[in-house]
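A closer look at the structure
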Amino acid sequence: MMTTTEGALLQPSSAPLRKSPLIVGVNKYSHDVSCAIVSANTGDLLFMAEKERVVRRKHAAGDAADLVEFALASIQHELADVKLVVQQNHHWRIAPFERHLPWACALDHYPPSYLDEVSLFPHLDSSGRHELSHHLAHAWSVFPQAPFQQGLIVVMDGMGEKHKAMARALRDGDIGFTHDLALTRHKAFVQVPAVLDPLYDYREAESAYYFDGASLQLVFKRYTREMSPPELYNHGFENMESMGAVYSRLSSHIFGDWNACGKVMGLASFGDAAEAERLPRLMEGDLSADTFRIHWDVLCNLPRPNEWREDDRLKTNSYAHLARRVQEDLENVALPWIHGLKQATGAQNLCVCGGVAQNSVLNGRIIRELGFEQVFIPPYPGDEGISIGCALWGFAAAGAIGTSSVSSSGHSDTVRNAPLARRYGPLSPYQGKAYSVEEMESALSAWAPYLIVERKRDIDEVVEATAQTLADGKVVAWFQGRSECGPRALGHRSLLADPRSASIHAFLNGVKGREAFRPFAPSVLAETVPDWFDVTRSDTTIQSPYMSLTFPVLPSRRSQVPAICHVDGSARLQTVREKDDAWYYRLIYAFSALTGVPMVLNTSFNTLPGEPIVESPVDALRSFLATNGGIELLSMGCFLIRRRPFPLDMANVDPALCIVRKAEGVLLEEVVCDAETGISRSVRIARGSDNGTPQWIEMIGGDLDLVVLQLVDGLTPLAEVVEAVLDVLQEGTDDDDEGFDETDVVAALRRLYALQLVFFSV
């Protein structure tokens with residue numbers, strides 16, 4: 001195996017980046033706020049990330065202040081370097097909304113961060129600020145990086161841009177908004193419905209585009225009528241007539257979360273084919289011929305909305321049949337529609353984007369059945385990819401007119417149909433911040449009382465130790481390089497395990513706090529895919545580098561890798577090539593050398609409730625420690641990190657000499673008591689966090705844990721702390737009440753240590 005020096009591999013360069021004028025793309029005010037930055041000179045993609053990674057809330061919405069500030073700092077640039085910002089929000093137009101923000105924020109309708117300059121870009125005049133319509137931004141997220149010169153782009157979304165917003169901009173000559181109504185039509189263009197009723201509002205549902213070289217043309221546009229006021233919950237999304245909206249409605253019906261469509265897809269495999277067939281269709285028909293129908297009488301009368309209980313077998317079975325029904329309906333509608341577009345345009349290649357493109361089961365069938373020569377699905381097909389579409393369009397538009405003032409008068413016709421300025425080929429998904437060894441050391445220092453850290457000389461030593469830990473059946477957290485963009489962990493912020501283990505599936509779902517039915521994906525050496533999976537082709541041209549495709553595991557191989565086999569024998573693949581990600585490839589190669597299996601189980605590195613994939617070294621350490629030993633090893637840069645055992649579990653520790661200390665940062669203590677009895681119902685404490693939002697921690701041991709925490713003074717040995725706690729607890733206790741003993745206090749200290757609220761000096 002090749003060796004590489006630590007300086008080249010394990011430590012990002014600390015040299016300042018050469019300042020460059022920037023073009024920024026932003027998706028904001030809706031879910032999955034994201035930011036992408038390209039050089040205005042070269043078009044090079046410099047950075048991309050989602051707000052959720054910074055503020056630690058999944059699918060974070062609202063303004064982009066925290067994210068843009070983080071993005072600019074990550075590439076050592078300033079707000080003044082931004083020469084053009086291209087933005088998108090499909091709920092409402094951004095420009096008029098932001099004009100009214102000062103008044104709205106004064107009335108506390110929105111938080112003060114909405115007025116932050118790094119979200120509003122006030123240094124730019126109107127010519128340097130532009131908006132792109134929703135489906136067009138999706139299309140531009142793949143158009144410049146498609147690995148072919150000619151092809152079809154299909155956008156399947158829950159809902160897109162308002163038709164009236166585009167029509168009004170076209171009528172008024174709004175030069176600050178580029179949208180599909182001004183885009184050149186392909187000769188095979190079809191609009192559904194052909195005529196829109198002026199008494200109703202419509203939104204984009206599904207769209208298709210054709211490109212040949214540098215030009216993009218609109219091939220197909222279907223609009224869905226707004227069936228309910230957008231002021232309702234989730235903008236009336238659950239009542240819209242698109243494939244994505246129907247699928248999402250089932251997600252809400254089963255799990256109470258419109259954005260849990262991946263769970264629906266996973267649950268569908270547990271549904272019985274005969275039972276699902278007996279259920280009435282939820283959607284069916286031909287999208288292109290306007291015969292597509294959603295059966296609202298069925299949808300509105302589905303039983304047991306939001307009653308998912310994993311321990312209720314009757315309910316879970318019925319939900320599984322329902323999930324299979326909607327999955328089959330999606331495939332039965334989408335596949336003929338895409339095939340019809342292929343025939344109408346003669347396209348031999350396909351790009352798929354929009355939220356529905358995260359359905360890897362559908363994607364697998366597209367690959368296997370529709371006969372395209374190549375299919376490209378980006379790592380960020382959902383709305384998190386909107387920002388890169390905006391940024392890449394901005395570079396093309398600025399190049400077409402020779403200036404970043406793309407919203408200036410005199411250029412509108414050129415800007416509306418801006419030709420491709422650069423054919424990138426597939427861009428790396430690893431576009432987040434590169435953390436230095438110094439930043440890792442700082443995080444390790446802050447959590448040092450809970451860690452055993454070993455520093456390795458080079459990447460080969462890290463790979464060797466990590467591969468051996470995996471082969472020993474342990475779970476490893478892998479934190480290397482720049483963070484990946486999109487919803488999937490692709491080997492830079494991943495939890496890894498041995499796919500040969502039949503028990504690791506249940507164990508890892510427990511570590512992550514996930515439902516037991518949810519599957520795990522394999523990361524597999526690309527050249528070995530046909531030996532393990534039924535890809536229906538003997539060559540290695542089928543690639544799934546972003547975990548976008550589901551294929552059957554070969555029946556002869558399933559018993560060898562049970563941890564990555566779903567209940568139907570399928571797996572969602574990530575194919576790994578050395579030229580794309582050398583470190584991760586080498587790790588899998590080393591594991592294969594030890595075990596004979598050229599893949600590892602890969603899932604996202606996030607273990608804390610409600611939090612997304614980890615971003616920073618601090619995030620990684622918090623998530624690692626929260627598993628209380630469930631993760632054996634954290635491989636972070638050149639560091640191998642293990643959890644320090646509870647002191648009383650270690651040999652040669654004298655409780656009389658071991659000092660108990662309280663961790664810093666506890667802000668509040670809260671006890672909720674029964675009004676009549678005074679008995680505490682819940683006890684929790686608030687601890688400070690990096691983003692300024694207190695982190696509430698439930699005290700499982702209730703009053704006992706709180707008393708122990710309060711009596712820790714940082715000076716007293718463990719043995720004396722135990723005695724002091726027992727003295728306090730026994731005051732006022734009846735003589736015949738057994739009360740607490742030393743074992744209970746030690747158990748409380750163990751819980752507090754697991755929560756990183758106390759530590760020990762041995």
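Residues numbered from 1 in each chain as written. Predicted model: local features only at pLDDT ≥ 70, side-chain atom pairs only at ≥ 80, totals over all residues. Heavy atoms only, no water.

**Thoughts on the overall build of the protein chain**
Each helix and strand in the protein chain was counted, giving 25 helices and 28 strands. The globule rule puts the C-alpha radius of gyration for 762 residues at 27 Å, and the 27 Å found for the protein chain is close to it. Taken along its principal axes, the extent of the C-alpha atoms in the protein chain is 90 × 65 × 60 Å. In the protein chain, which comprises 762 residues, the proportion classed as buried is 56%. Considering only intrachain contacts with a sequence separation of at least 6, the fraction spanning at least 24 residues in the protein chain is 72%. Summed over all atoms, the accessible surface of the protein chain reaches about 30400 Å², with 50% contributed by carbon and sulfur. (Helix = DSSP H or I, 4+ residues; strand = E, 2+ residues; numbered from the N terminus. Rg over C-alpha atoms; globule rule 2.2 N^0.38 Å. Buried < 20%, exposed > 50% of the residue type's maximum accessible area, 1.4 Å probe, protein only. Contact = heavy atoms within 4.5 Å. Areas by Shrake-Rupley, 256 points an atom, 1.4 Å probe, with all protein chains shown as cover.)

**Focus: the sheet that holds strand S7 (residues 177-178)**
Pairing is mixed in the open sheet, where six strands are placed in the order S3-S2-S1-S4-S5-S7. Strands with a single pairing partner mark the edges of an open sheet, and in this sheet they are strand S3 (45-50) and S7. Direction of pairing for strand S1 (residues 22-27) relative to strand S4 (residues 82-88): parallel, over a ladder of six bridges. Within S4, the position partnered with Gly25 by the bridge is Val86. (Pairing = 2+ DSSP bridges.)

**What about unusual backbone geometry?**
In the segment running from Val192 into Pro193, the intervening peptide bond is cis, with an omega of -10°. In this fold, Pro193 is placed in the loop between strand S8 (185-192) and strand S9 (202-212). At Asp108, a position not held by glycine, the phi torsion is positive, near 65°. The backbone of Phe121 sits at a positive phi, close to 55°, despite the residue not being glycine. Along the chain, Phe121 turns up in the loop between helix H6 (117-120) and strand S5 (129-132).

**Quick notes on the confidence of the model for the protein chain**
With 96% of its residues at a pLDDT of at least 70, the protein chain reaches an overall mean of 92. In this model residues 1-15 is a low-confidence stretch, pLDDT under 50, and it forms 34 contacts with partners more than four residues away in sequence or in other chains. (pLDDT = per-residue confidence, 0-100.)

**A closer look at the environment of Pro96**
With respect to the helices and strands, the residue Pro96 is situated in helix H4 (residues 94-99). Sequence separation between Pro96 and Tyr546 is 450 residues; the distance between their C-alpha atoms is 37 Å.

**Section: the packing of aromatic side chains**
The relation between two aromatic rings is expressed through the spacing of the ring centres and the mutual angle of the planes. Within this structure, the stated rule accounts for 24 aromatic pairs. Ring plane angle 40° and centroid distance 5.0 Å describe the contact between Trp92 and Phe97, whose orientation is recorded as tilted. Look at Trp92 and you get partly exposed, because its relative accessible area is 29%. One aromatic cluster is present, formed by Trp447, Tyr450, Phe646, Tyr753, Phe759 and Phe760 through successive ring pairs. A cation over an aromatic ring shows up here: Lys342 above the ring of Phe372, its NZ or CZ 5.5 Å from the ring centre. In this structure, Arg684 packs its charged tip against the face of Trp696, placed 3.8 Å from the ring centre. (Phe/Tyr/Trp six-rings, centres within 6.5 Å; stacked < 30°, edge-to-face > 60°. Lys NZ or Arg CZ within 6 Å of the ring centre and 35° of its normal.)

**Structural notes on the nonpolar core**
Grouped together as the largest cluster of nonpolar side chains are 174 residues, with contacts concentrated most on Met156, Met243, Phe533 and Leu634. Counting residues per element, this core draws most heavily on helix H13 (residues 313-345), at 12 residues. Residues within four places of Met156 in sequence aside, it is in contact with Glu206, Met243, Ala334, Trp337, Ile338, Val352, Cys353, Gly354, Gly355, Val356, Ala357 and Leu362. Core analysis: the second largest hydrophobic core is formed by 50 residues, Leu132, Ile153, Ile401 and Val415 among them. (Core = buried A, V, L, I, M, F, W, Y, C linked by side-chain atoms within 4.5 Å.)

**Things to note about helix H25 (residues 742-754)**
Taking 1.5 Å of rise per residue, 13 residues should cover 18 Å, and H25 covers 18 Å from first to last C-alpha, within 8% of that figure. Along H25, the residues classified as buried are Val745, Val746, Ala748, Leu749, Leu752, Tyr753 and Ala754. Of the surrounding secondary structure, the elements contacted by the buried residues of H25 are helix H22 (617-626), strand S23 (639-643), strand S24 (659-662), helix H23 (703-711), helix H24 (718-730) and strand S28 (758-761). At the exit of H25 stands Gln756, carrying a positive phi of roughly 60°. (Expected span 1.5 Å × (residues − 1).)

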